[in-house]
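Residue-level structure breakdown
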Amino acid sequence: MRRPLLVRLSTLVVGMTLGALAGCDLGTLDPPTEDPPPVLSSATCYSDDDCVADACCGLGTAVTHAEEGPSCGGVSCTGGCPAGSIDCGRCIPVCRGSRCSAACTSSP
């Protein structure tokens, strides 16, 4: 007796998924070794869009609420990326626990 096509396909998909997961190194995310950037605002945030760096063009070194942050409309950025800046790959401003903070990666 032949099994229905759906049963054979689902068996194949489950087998491939388990095989792929067994071969993946999920690893762990190490916490950053540096201190996180300071937070300059105690204003309540509701989404990540409420939080920004304290300077335009990736030059910020701290996180603040968007209402207290810089107005970057019409600012021309040079594309520079100074060490320790928020937006240049080290951290992103996020809203956690209704307060702005920074989610950072470890330095290479």
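Residues numbered from 1 in each chain as written. Predicted model: local features only at pLDDT ≥ 70, side-chain atom pairs only at ≥ 80, totals over all residues. Heavy atoms only, no water.

1. Topic: the state of the cysteines
On inspection of all chains with the given rule, the structure shows five disulfides. Two residues, C45 and C95, share a disulfide whose sulfurs are 2.0 Å apart. Taking the torsion about the S-S bond as the criterion, the C45 to C95 disulfide, at about 90°, is right-handed. Highlighted residues: C45 in the loop between α1 (5-23) and β1 (51-53) and C95 in strand β3 (residues 91-96), separated in sequence by 50 residues. Looking at the protein chain, its bonded cysteines, counted consecutively from the start of the sequence, adopt the pairing 1-8, 2-9, 3-5, 4-6, 7-10. (Disulfide = S-S within 2.5 Å. Helix = DSSP H or I, 4+ residues; strand = E, 2+ residues; numbered from the N terminus.)

2. Some remarks on the confidence of the model for the protein chain
Averaged over every residue, the pLDDT of the protein chain is 76; residues scoring 70 or more account for 65%. Per-element confidence in the protein chain is highest for strand β2 (residues 63-65), whose mean pLDDT is 93, and lowest for α1, whose mean pLDDT is 61. In this model, residues 24-33 is a region of pLDDT below 50 whose contacts with residues beyond four sequence positions or in other chains number six contacts. (pLDDT = per-residue confidence, 0-100. Contact = heavy atoms within 4.5 Å.)

3. Comments concerning the pairing of β3
Where β3 lies against strand β4 (residues 99-104), six bridges are found, and the strand directions are antiparallel. If you follow C95 over to β4, its bridge partner there is C100. In this antiparallel pair of consecutive strands, β3 and β4, the connection spans two residues, and G97 shows a positive phi of 60°. (Pairing = 2+ DSSP bridges.)

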